[in-house]
Amino acid sequence: MTTSKNTQNSKIQQEKTFLRFNLGQRWEHMILFLSATVLILTGLPQKYRELSWSQYLLSTPERVELIRQIHHIAAIILTIEAVYHLGLAIYQLSKRKLSAEMFPTTQDVRDAGQMILYLLFIRKDKPKFGRYNFEQKVTYWFIFFGFLFMIISGFLIWFPIFFTQFLPGGVVPAAKLMHSTESIVAVIFIVIWHFYHVHIERLNLSIFTGRLSEQEMKEYHAKELERLERKAGGKDRPGERN
Ligand code: HEM
Ligand code: HEM
């Protein structure tokens, strides 16, 4: 009994894990996730006022005001997160430390093509991926630009008098249309694309735990694993030093 427990413990100790997201990145995702969820939950009832749950939530002028205020607070939190994210990227760029790994390359197009062939049973193997695969890059850039448009249009409809001092009046209804429509696009994208990839395709919790197991690295980021192993020069625990 004790021996089998010891063997199990030593197996657990031996299992290599690889750092995928540092604490700052995990916090950023958490803030993004929470603020976006609140914005969706307080925005949609305003868009679909005729639905019964919206009627319940927005049944008095005080409740309407409360929901709008919650929307505005979450909007400020999302904006601060976006400014921090951009500020950090600009700082890293100025120090020549900005990683290029999230930028799309022609290899991503080839990988996407190979993946389609694999899904159609034409190819036997899935493509091997580096640190971020094409799906993860699509997620990042879609949310990056989608939320940027939400922030810009959100401020335009929040402070119309201020902005129409120097912009034509037509920007306000245009911003409202953009905000309202893009919110649906964002919800569909997050629920169908992002949740599918992190929950259904496989349960990936690395954005919360920060780490991936060696098996996950082999299966989903084989090229990155090879790179880390080359960097570690054959030493024992490359992932731990990353
Ligand atoms: C994930 C991000 C967001 C989503 C999904 C979202 C969603 C929505 C939706 C569905 C509406 C109702 C539109 C309609 O009546 O047709 C709305 C209204 C509004 N949103 Fe957003 N929004 C987001 C971010 C923001 C941001 C960042 C700001 C401000 C910077 C903002 C400011 C506003 C304002 C001012 C309104 C008008 C109603 C009010 O005063 O609350 N939103 N939003
Ligand atoms: C409104 C909600 C959310 C937004 C806006 C959001 C946004 C993002 C963005 C922009 C990324 C970076 C791109 C990528 O690596 O795929 C990301 C990564 C990730 N998200 Fe979310 N996310 C949300 C909710 C969630 C939830 C509920 C989970 C729960 C499992 C989750 C799990 C992950 C994981 C595991 C990654 C890392 C994928 C990887 O690169 O290994 N996300 N998310």
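Anything mentioned here points back to the structure above.
What you see is a predicted model, and the numbers here were worked out from it, not measured in a lab.

Bringing the environment of L86 into the picture now. Within the fold, L86 resides in helix α4 (residues 61-94). Sequence-wise, L86 and L44 are 42 residues apart; in three dimensions their C-alpha atoms are separated by 27 Å.

Its identity as a non-glycine residue notwithstanding, R96 has a phi of 55 degrees, on the positive side. In this fold, R96 is placed in the loop between α4 and α5 (106-119). Positioned with a positive phi, F121 is a non-glycine residue whose angle comes to about 65 degrees. Judged by local crowding, F121 falls into the exposed class, with 7 C-beta atoms found within 10 Å.

Let's shift gears to helix α2 (residues 23-47). The α-helix advances 3.6 residues per turn, and as a result positions three or four apart in sequence lie on the same side. Taking 1.5 Å of rise per residue, the 25 residues of α2 would be expected to cover 36 Å, and the 36 Å separating its terminal C-alpha atoms lies within 8% of that figure. Among all positions of α2, only S35, A36, L39, T42 and G43 are buried. Lining the buried residues of α2 we find α4 and α8 (171-200).

Around ligand 2 lies a shell of 18 residues, among which A36, Q136, T139, V198 and I207 are the nearest. The set of elements that each furnish at least two residues to the shell around ligand 2 consists of α2, α6 (134-158), α8 and α9 (206-209). Take the shell around ligand 2: its biggest share by element is five residues, from α2. Taken together, the residues of the shell around ligand 2 break down into nine nonpolar, eight polar and one charged.

What counts, and where the lines are drawn
- The written sequence of each chain sets the order in which its residues are numbered from 1.
- Written order determines the labels here, with chains lettered from A and ligands numbered from 1.
- Restriction of local features to residues with pLDDT of at least 70 applies here, the model being predicted, together with a cutoff of 80 or more for giving and counting side-chain atom pairs; totals for whole chains, interfaces and linings are based on all residues.
- Strands are runs of DSSP state E lasting at least two residues, helices are runs of H or I lasting at least four, and both sets are numbered from the N terminus onward.
- Residues with at least 20 neighbouring C-beta atoms inside 10 Å of their own are called buried, those with 12 or fewer are called exposed, and the rest are partly exposed, where every C-beta is derived from the backbone.
- One less than the residue count of a helix, multiplied by 1.5 Å, gives the span that helix is expected to have.
- Throughout, a residue-residue contact means that the two C-beta atoms, derived from backbone geometry, are no farther apart than 7 Å.
- Near residues are defined by distance alone, with the backbone-placed C-beta atom required to lie within 6 Å of the molecule or strand.
- Charged residues are taken to be Asp, Glu, Lys and Arg, nonpolar residues to be Ala, Val, Leu, Ile, Met, Phe, Trp, Tyr, Cys and Pro, and polar residues to be all remaining types, Gly included.

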